[in-house]
Amino acid sequence: SMEVFGTAAARHRVKVRILGEAADVLDGVRQRPGVLSATGGAGGVILVEHASDEPFVADLVRWLVLAGAAVVGVERERAPLERLFLDVTKGRDA
């Protein structure tokens, strides 16, 4: 069961927003090394789940730009446990 927890803990999400349609680059994003899943949304939003770290995000943005995408936003999504911890600790300060 420790293996399963370790795998879950290693998942990261990043939200990238581009000008234009996410669908135009989605297949390419899904083929990038380290990408676990990628979904496109309205307004050029691409939600990428990956098992890597910050250099992965930098490489993904570089690839998108070289592929002709106009990247206008990159936001790391916090893991649910991290978000919960921050909410709890923030509550203590109040």
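So, here is what we can say about the structure in this document. (Residues numbered from 1 in each chain as written. Predicted model: local features only at pLDDT ≥ 70, side-chain atom pairs only at ≥ 80, totals over all residues. Heavy atoms only, no water.)

Here we come to the overall build of the chain. Helices and strands together make up the secondary structure of the chain, namely 4 helices and 4 strands. Going through the 94 residues of the chain one by one, you find that 21% of them count as buried. Sequence-distant contacts, at least 24 apart, represent 60% of the contacts inside the chain between residues at least 6 apart. (Helix = DSSP H or I, 4+ residues; strand = E, 2+ residues; numbered from the N terminus. Buried < 20%, exposed > 50% of the residue type's maximum accessible area, 1.4 Å probe, protein only. Contact = heavy atoms within 4.5 Å.)

Across soluble globular proteins, nonpolar side chains have a tendency to be buried as a group. Of all hydrophobic cores here, the largest spans 16 residues; its most connected members are V25, V29, I46, V48, L60 and L64. Listed by contribution, the elements that provide at least two residues to this core are strand 1 (12–19), helix 2 (23–30), strand 2 (35–41), strand 3 (45–50) and helix 3 (54–66). If one sorts the elements of this core by residue count, helix 3 sits on top with 4 residues. If sequence neighbours within four positions are ignored, V48 has contacts with H12, R13, V14, V29, V35, S37, A38, F56 and L60. (Core = buried A, V, L, I, M, F, W, Y, C linked by side-chain atoms within 4.5 Å.)

What follows is about the sheet that holds strand 1. The strand order 2-3-1-4 describes an open sheet built from 4 strands, whose pairing is antiparallel. Across the chains shown, the open sheet's two edge strands, defined by having one partner strand only, are strand 2 and strand 4 (70–77). When strand polarity is set aside, the average angle formed by the axes of neighbouring strands in this sheet is 20°. The sheet contact formed by strand 1 and strand 4 spans 7 bridges and is antiparallel. Looking at the pairing, R13 lines up with E77 of strand 4. (Pairing = 2+ DSSP bridges. Axes fitted to C-alpha atoms, helices over the stretch in contact; angles between N-to-C directions.)

It is worth spelling out the pattern of salt bridges at this point. Tallying each qualifying case throughout the model produces 6 salt bridges. Between K15 and E75 there is a salt bridge whose closest N-O contact spans 4.0 Å. With K15 in strand 1 and E75 in strand 4, this residue pair connects regions lying 60 residues apart in the sequence. Classification of K15 by relative accessible area gives partly exposed; the value is 29%. A single network of salt bridges, built from pairs that share partners, joins R13, K15, E75 and E77. (Salt bridge = Lys/Arg side-chain N within 4 Å of Asp/Glu carboxyl O.)

Relative to the assigned elements, V74 resides in strand 4. Linking V74 and V16, residues 58 residues apart in sequence, is a C-alpha distance of 4.5 Å.

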